[in-house]
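Structural overview
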Amino acid sequence: MKSKLNASNAVVAVVCAALVLLPIYSAATGNIFILTLLTRIIIFALAASSLNLIMGYGGMMSFGHAAYLGIGGYAVGILAAEDIGSGFIQWPVALAVSALFALVIGSLSLRTRGVYFIMITLAFAQMAYYVASALSRYGGDDGLTIYKRSTFDGLINLSDRTQFYYLCLGCLFGGIYLIWRIVNSRFGLVVQGVRSNEQRMQAIGFPAYRYRLTCFVIAGTICGLAGALLANNTDFVSPAVMYWTRSGDLMVMVILGGMGSLFGPLIGAIVYLVLEELLSQFTEYWALIMGPLLLLIVLFARGGIMGLLGRVRRG
Amino acid sequence: MADPLLRVDNLVRRFGGILATDNLSLEVPRGELHAIIGPNGAGKTTLISQLTGQLMPNSGTVHFAGRDITRLPSYRRSALGLARSFQITSLLKDFTAIDNVALAAQAHDGHSFRFWGDARKERHLRDAARAALERVGLAARADVLVSELSHGEQRELELAVALATKPQLLLLDEPMAGLGVTESARMVTLLKELRKEFTIVLVEHDMEAVFALADRITVLVYGRVIACDAPDAIRRHEEVKRAYLGEQHAVTRHGGQIG
């Protein structure tokens, strides 16, 4: 990535620095609320970043991405309910189940294109939603309370607000770094090539489907990690995290921040969730303001906020 | 010629009630530049698409380098050394010229399930891409986005992409389409160079170019081969003249110039 001094890079640098320093501010001022809010934002930014990998770079408009939030969350919640509290078991299971789910959805949905793809991913996510609602042993509709956060043999204490915050931030930065490497790798170029012109990629010798499916699974797995974090953050997991509006939220964050830009989803998540927080204090009809705002972005700033701030460099 | 590089036997492709490819047979020996001409709607692009695997025939077979490739998907055919350029320019528009070509080289350099290293820093891929760009005279435009290249440059880039797949056979679908006079002349010069190295199947409307380049010409009408011979013989072929009617003039006139 060529480092260019422009508005978007400057904003990203400032935001990242602020995120790193936030716990110090929070401790100094005793403002716990902001730390809680930002923890949630960071988790959603990780989920949105993973969606950006398939949507922005891969051209796969998945409308069921929140399913992985739920799957990762339920993996943690169910294991906790069965007295398996170790994160060394819970988290790998969360990732593995998410990957498996992505493999199944992907292998079916990626045979279709356009609206059909959107609809199939949506249908699978809704299916996951109803399955979770039917899990009466694990709370069903009401959701599942997690009485004890994942333990990591004293390595890190997730019940400590600051430690948990830094864990989430580490996962986010790690996730973005991973996506950056992927996007510029051989694999990433193939996936982006297929987004641009699938027929051409087949003609020069790439079996496009395999690459798209692999990308789909990677994105699902990263989002599963976000799900495990989210469940620990709220000490609770319910079918609602998988509902289709949640998938919509993730899409909005990606589009708002800038599709196909590395830090776009982070910026999008911050703007979306902070606005939601602020506006909902004034009015319960906050969506009335959010809606037109999104419309303006889509109409006049195709590259989202990052596009507005500077020329977006893909990859 | 015991073993032609490309052999097509009794190929049939229907679209509803229309026979787009009508029991078509064709042989292209190694080293030949074989042109395919025919009026609009003769099924030339349909034929090319069946050769590259974008379209499957209803019946008949395609052999390439002694192998039956009739049912192989296009990426497998590309791996065997069959490269195509598209009639309507079909490039990765939001990629640079060199990225387009380097990806073609990458496709033929092992698998691409490599997630970590920066592909744009892989020396041999970049070098191969640069060589192919140089070949078609685009080296100076390597880092320009495809969407910012001129139409003529995009046609040349199509060729560079095909070359970077290290093909045995080049299937060129109207490389001259939409080119101006000077650009066409450059393309002909380029094709004259390439034919020394590659076996080429050329679909082209530009009769002047076809008669200047081809070793043999196949004439398609309504999906059927009505003639397949050396340019001189084609020029004198009665059925070809009749089939072309309006274009007959062009055939004979250019024939006069060349002959």
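Before any of the text, the structure's been laid out above.
1. Thoughts on the overall build of chain B
- The helix and strand inventory of chain B stands at ten helices and ten strands.
- With the principal axes as the frame, chain B shows a C-alpha extent of 60 × 40 × 35 Å.
- Evaluated residue by residue, chain B yields a buried proportion of 54% over its 259 residues.
- Long-range pairs, those at least 24 residues apart, make up 64% of the contacts in chain B between residues at least 6 apart in sequence.
- In the form shown here, chain B has an accessible surface area of approximately 11,000 Å², with 51% of it arising from carbon and sulfur atoms.
- Between the mean site of the 32 positive side-chain charges and the mean site of the 32 negative ones, chain B shows a separation of 3 Å.

2. Here we look at the overall build of chain A
- Counting its secondary structure elements, chain A contains 13 helices and two strands.
- For a compact globule of 315 residues, the expected C-alpha radius of gyration is about 20 Å, and chain A comes in at 19 Å, within 12% of that figure.
- Taken along the three principal axes of its C-alpha coordinates, chain A extends 55 × 40 × 40 Å.
- Per-residue burial for chain A yields a buried fraction of 56% across its 315 residues.
- Summed over all atoms, the accessible surface of chain A reaches about 13,300 Å², with 67% contributed by carbon and sulfur.

3. A short note on the interface of chain A and chain B
- With 29 residues of chain A in contact, the opposing surface of chain B contributes 35 residues.
- In total, chain A and chain B occlude about 2,900 Å² of area from one another, counting both sides; carbon and sulfur atoms represent 57% of this.
- Of all residues in chain A, Arg186, Leu189 and Arg200 of chain A bury the most surface against chain B, accounting for 29% of the area lost on that side.
- Inspection of the chain A/chain B interface yields four salt bridges.
- Between Asp94 of chain B and Arg195 of chain A there is a salt bridge; the shortest N-O distance is 3.0 Å.
- At the surface where chain A touches chain B, the tally comes to 23 residue pairs in polar contact (both at pLDDT 80 or more).
- Taken together, the elements giving at least two residues each to the side of chain A that touches chain B come down to helix H6 (161-184), helix H7 (186-196), helix H8 (198-203) and helix H9 (208-234) of chain A.
- A per-element tally of the side of chain A that touches chain B places H7 of chain A first, with eight residues.
- Here the side of chain A that touches chain B is built from residues that sort into 13 nonpolar, ten polar and six charged.

4. Notes on helix H5 (residues 114-134) of chain A
Residues and elements named next belong to chain A.
- Taking 1.5 Å as the rise per residue, H5 with 21 residues should run 30 Å; its terminal C-alpha atoms sit 31 Å apart, in good agreement.
- Within the span of H5, buried status applies to Phe117, Thr121, Leu122, Phe124, Ala125, Gln126, Ala128, Tyr129, Ala132 and Ser133.
- Taken together, the buried residues of H5 touch helix H3 (66-81), helix H4 (87-109), H9 and helix H10 (244-257).

Calculation rules
Residues numbered from 1 in each chain as written. Chains lettered and ligands numbered in written order. Predicted model: local features only at pLDDT ≥ 70, side-chain atom pairs only at ≥ 80, totals over all residues. Heavy atoms only, no water. Helix = DSSP H or I, 4+ residues; strand = E, 2+ residues; numbered from the N terminus. Buried < 20%, exposed > 50% of the residue type's maximum accessible area, 1.4 Å probe, protein only. Contact = heavy atoms within 4.5 Å. Areas by Shrake-Rupley, 256 points an atom, 1.4 Å probe, with all protein chains shown as cover. Lys, Arg positive; Asp, Glu negative; His and termini not counted. Charge placed at Lys NZ, Arg CZ, Asp CG, Glu CD. Rg over C-alpha atoms; globule rule 2.2 N^0.38 Å. Buried area = accessible area lost by both parts, 1.4 Å probe. Salt bridge = Lys/Arg side-chain N within 4 Å of Asp/Glu carboxyl O. Polar contact = N/O pair within 3.5 Å; in protein donor to acceptor, adjacent residues only side chain to side chain. Nonpolar A, V, L, I, M, F, W, Y, C, P; charged D, E, K, R; others polar. Expected span 1.5 Å × (residues − 1).

Remember, this is a structural readout, not a statement about activity or role.
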